Amino acid sequence: MQQHSALGRVLAVAAAAALTAGDYFKARLAAAKQVKAKSSPADLVTDVDPVCERLIREQILARFPDHDILGEESTESGAEASARAAASRAGSPRLWIVDPLDGTTNFVHRLPLSTVSIAYSERGQVLVGVVYDPYHGEVFYGVRGQGARLAAGAAMRAWADSPGGDPPGERLRASATESLASCILATGFPTRAPSRTLATHAGFILSERVRSMRALGSAALHLAYVAAGRLDGFWEYDLNAWDLAAGVLLVEEAGGIVRGLADGRPYTLTMRDVVVSGHPRVADAIIEALQAIDGGGAAKGGGMANAHGV
Ligand code: 2AM
Ligand code: CA
């Protein structure tokens, strides 16, 4: 990686901001929190989420005052408002896409499985992505065309504080596993009931054909784990731009596959239903299995799109 390039400077700020926010919420895992429901009783926010977003915004704007930021906590809640916000900002010349706390439900339940997800894009193309898991001290990061890596939090902090030389870490490679019978797949449960029923049904059907299934509660963590080859594939309906942008770059830079669930189309910042995998056959098998449900309506966008109203 070229540490002195413009993208190297962006990476240093993204990593420093992710480390600050992640360490902040990790320290508050056991504390009492104020919890509010957003668009549904399953869509939660705590008093910690906006503090984390503010910490990240301050660091980005201190270094890049004219850049645009799309952050979960500064966007009206609900799928339609989030989709509109992503669509209206996607073409921005310099846009940061920030989920300060991905896995808020885990955080509320004191499950130590949440991440910070920060992406930087230019005119709709994600160029830098960082996903930080503070509980394991793991920083997953990637720069378009330069690969994805995993570094220890302390090493990444030292580099980000005075970026000289290459950033630390080991190169990530997505799984080469082709046979579903040898795969661990992951999914997430949408917050709205009709979508959740369909997604859960899809999981049951696939679970008969794979080694095992996981649902860790953070889309960004699932994506980072696919990039790292720890998971062989992941799909989820109804995600927001900030859940996906950084992790999708990691998967792409680790040699993995990213597709729209509806029709296999390439990733864009406004995509909400996604499948990722190491080997392309695994993504194909997931899409096929989902098409078998609901007369194909789920994977073709009919059933899910109607359920979401988007
Ligand atoms: P969050 O914790 O940042 O809200 C879990 O299945 C995944 O879905 C998490 O990444 C979670 O992100 C995300 N999620 C939770 N509520 C959501 C909502 N209303 N719309 C889209 N994604 C959501
Ligand atoms: Ca969040």
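Residues numbered from 1 in each chain as written. Chains lettered and ligands numbered in written order. Predicted model: local features only at pLDDT ≥ 70, side-chain atom pairs only at ≥ 80, totals over all residues. Heavy atoms only, no water.

What follows covers the coordination of the calcium ion (ligand 2). Every protein donor of the calcium ion (ligand 2) is listed here as Glu72 (OE), Asp99 (OD), Asp99 (OD) and Leu101 (O), and their distances to the metal cover 2.0 to 3.1 Å. Each donor residue of the calcium ion (ligand 2) lies on the same chain, and together they follow the pattern E-x26-D-x1-L. One end of the pair, Glu72, is in the loop between strand 3 (68-71) and helix 3 (79-89); the other, Asp99, is in strand 4 (residues 95-102), with 27 residues separating them in the sequence. Looking at Glu72, the relative accessible area reads 13%, which means it is buried. (Donors = N, O, S within 2.8 Å, 3.2 Å for Na, K, Ca; no water. Helix = DSSP H or I, 4+ residues; strand = E, 2+ residues; numbered from the N terminus. Buried < 20%, exposed > 50% of the residue type's maximum accessible area, 1.4 Å probe, protein only.)

As a further point, take the packing of helix 1 (residues 6-27) against helix 2 (residues 48-63). Where helix 1 contacts helix 2, the axes come no closer than 9 Å and their chain directions differ by 155 degrees. On the basis of their axis angle, the class for helix 1 and helix 2 is roughly antiparallel. The interaxial crossing formed by helix 1 with helix 2 has right-handed handedness. Residue-level inspection shows Arg9, Val13, Ala16, Ala17, Thr20, Ala21, Tyr24 and Phe25 of helix 1 in contact with helix 2, the latter providing Val48, Val51, Cys52, Leu55, Ile56, Gln59, Ile60 and Arg63. Tallied by class, residues from the contact of helix 1 with helix 2 come to 12 nonpolar, two polar and two charged. (Axes fitted to C-alpha atoms, helices over the stretch in contact; angles between N-to-C directions. Parallel < 35°, antiparallel > 145°, perpendicular 65-115°, else oblique. Left-handed = near helix turned anticlockwise from the far one by under 90°. Contact = heavy atoms within 4.5 Å. Nonpolar A, V, L, I, M, F, W, Y, C, P; charged D, E, K, R; others polar.)

In terms of strand pairing, strand 10 (residues 184-187) meets strand 11 (residues 212-214) through three bridges, oriented parallel. Looking at the pairing, Ala186 lines up with Arg214 of strand 11. In this fold, strand 10 hands off to helix 6 (residues 193-207), which returns the chain to strand 11; that crossover is right-handed. As paired elements, strand 10 and strand 12 (residues 233-236) share three bridges and run parallel to each other. Pairing of Ala186 across the sheet is with Phe234, part of strand 12. (Pairing = 2+ DSSP bridges. Right-handed = clockwise from strand over helix to strand, strands pointing away.)

Next up on the list: the pairing of strand 12. Taking every second residue as pointing to the same face, both faces of strand 12 are buried, with Gly233 and Trp235 on one and Phe234 and Glu236 on the other. Note: strand 12 against strand 14 (residues 274-277), four bridges, orientation antiparallel. Looking at strand 14, one finds that Gly233 is bridged to Ser277.

What follows concerns the packing of helix 7 (residues 219-227) against helix 8 (residues 241-253). Packing of helix 7 against helix 8 brings their axes to within 8 Å, and their N-to-C directions diverge by 5 degrees. As summarised for this structure, helix 7 and helix 8 are arranged roughly parallel, according to the angle between their axes. Across from Ala219, Ala220, Leu223, Ala224, Val226 and Ala227 in helix 7, the residues of helix 8 making contact are Asp243, Leu244, Gly247, Val248, Leu250 and Val251. Looking at side-chain class alone, the contact of helix 7 with helix 8 contains 10 nonpolar, one polar and one charged residues.

Attention now goes to the site of ligand 1. In the vicinity of ligand 1 lie 19 residues, with Asp99, Asp102, Gly103, Thr104 and Glu236 positioned nearest. Within the side chain of Asp99, an N or O atom sits 2.9 Å from an oxygen atom of ligand 1. Between Thr104 and ligand 1, the recorded distance is 2.8 Å, taken from a backbone N or O atom to an oxygen atom. If ligand 1 stood free it would expose 480 Å²; the protein chains cover 90% of that surface. When each cavity is represented as a set of grid points, ligand 1 is found to reside in the largest pocket. Top element by residues in the shell around ligand 1 is strand 4. It accounts for three residues. A class-by-class count of the residues in the shell around ligand 1 yields four nonpolar, eight polar and seven charged. (Near = heavy atom within 4 Å. Polar contact = N/O pair within 3.5 Å; in protein donor to acceptor, adjacent residues only side chain to side chain. Areas by Shrake-Rupley, 256 points an atom, 1.4 Å probe, with all protein chains shown as cover. 1 Å grid on protein atoms, 1.4 Å probe; cavity = no way out; pocket = protein on both sides within 12 Å on 5 of 7 lines; lining within 4 Å. Sits in = over half its atoms within 2 Å of the grid points.)

By themselves, these are just geometric observations and shouldn't be taken as functional.
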